[in-house]
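Architecture at a glance
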Amino acid sequence: MTPALAGALRCPVCAGPLLLVGRSLRCPKAHSFDLAREGYANLLAIQKKHAADPGDGKEMVRARRAFLAAGHYQPLMAVLAELCGTLPHEKIVDAGCGEGSYDRFLYDALGEPQIVGFDLSKEAVRLAARLVPEAAFCVGGSFSAPVRDGWADLLLNIFSPFAGAEFSRMLRPGGHLIYAVPTARHLYGLKEVLYTTPYENEVKDTRYEGFDFVTEREAAATLTLEGESVQQLFAMTPYYWNTPAEGAARLAECDRLTTEIGFRFLVYRRQSE
């Protein structure tokens, strides 16, 4: 973590600015947070920690890393990078950054922007910090985000909870938010195996207080997966926890799966005060 990127963060105790002092982040009120070996900090306020190990577990995070590292979602990442490139993107916040694969792709594609990412999962942040050492990562949540007011030109929220007030606070006036949600047919082929009555995802246009809707961009592709990647896809999705045993058993017998994938990238502009 560089001193410049450390300056994008704020203290989870008092919301004061943080400075990088050796291997620690410190605020003017002497609250201190040591950097882990990989260079990230834990900035999750203790009162916001509702579980011993919050966020996605190690199994889910590692399955997602293996799946994304294989390039299966690269067509969707490429559209996201193209869209980001049309917007001011010098300073990017990735809210719910996961294990960092999107940030690695965007850093390389967009000409090395400043990136700050945070996630509730310590394992995800650890992997992200190793994958994108040029960025700053910390353990933290979207509803009490560890980024100072007005720092970001662009905020990304990819399949994570929508924390409108905090997103608005972190963005500069006129800054942009890209909210990624699934298309109606995203992972429909997977659901055809898991469920006796597969369903399409709900598609709706939503307006959020403090933001003006700008545009929408859709990215879609068809994947054919074989072997271990089939189970990696399953393990990285919420379906892993919400599927009847018989559905999971059917998928366990699949050594080949074809499914549609698709993201809707919804672009919003933060309203000026």
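Look up: the structure comes first, before these words.
Residues numbered from 1 in each chain as written. Predicted model: local features only at pLDDT ≥ 70, side-chain atom pairs only at ≥ 80, totals over all residues. Heavy atoms only, no water.

**Concerning unusual backbone geometry**
Positive phi, close to 70°, is recorded for A15, a residue that is not glycine. For F159, which is not glycine, the phi torsion reads 60° and is therefore positive. If you trace the backbone, F159 turns up in the loop between β8 (152-158) and α6 (164-170). Overall, F159 belongs to the partly exposed group, its relative accessible area being 41%. (Helix = DSSP H or I, 4+ residues; strand = E, 2+ residues; numbered from the N terminus. Buried < 20%, exposed > 50% of the residue type's maximum accessible area, 1.4 Å probe, protein only.)

**Digging into the sheet that holds strand β1 (residues 19-21)**
Pairing within the open sheet is antiparallel, and its 3 strands lie in the order β1-β2-β3. Only two strands of the sheet have a single neighbouring strand rather than two, namely β1 and β3 (32-34). With strand direction ignored, the average angle separating the axes of adjacent strands in the sheet is 30°. Where strand β2 (residues 24-26) and β3 come together, 3 bridges link them in antiparallel fashion. When the bridges of β3 are listed, L25 appears paired with F33. (Pairing = 2+ DSSP bridges. Axes fitted to C-alpha atoms, helices over the stretch in contact; angles between N-to-C directions.)

**Some remarks on helix α8 (residues 228-235)**
Counting buried residues in α8 gives 6 out of 8 residues, a clear majority hidden from the surface. Listing the buried residues of α8 in full gives S229, V230, Q232, L233, F234 and A235. Summarising the contacts, the buried residues of α8 are in contact with α2 (58-69), α7 (188-194), β10 (211-226), α9 (239-242), α10 (245-252) and β11 (256-270). (Contact = heavy atoms within 4.5 Å.)

These figures capture arrangement, not role.
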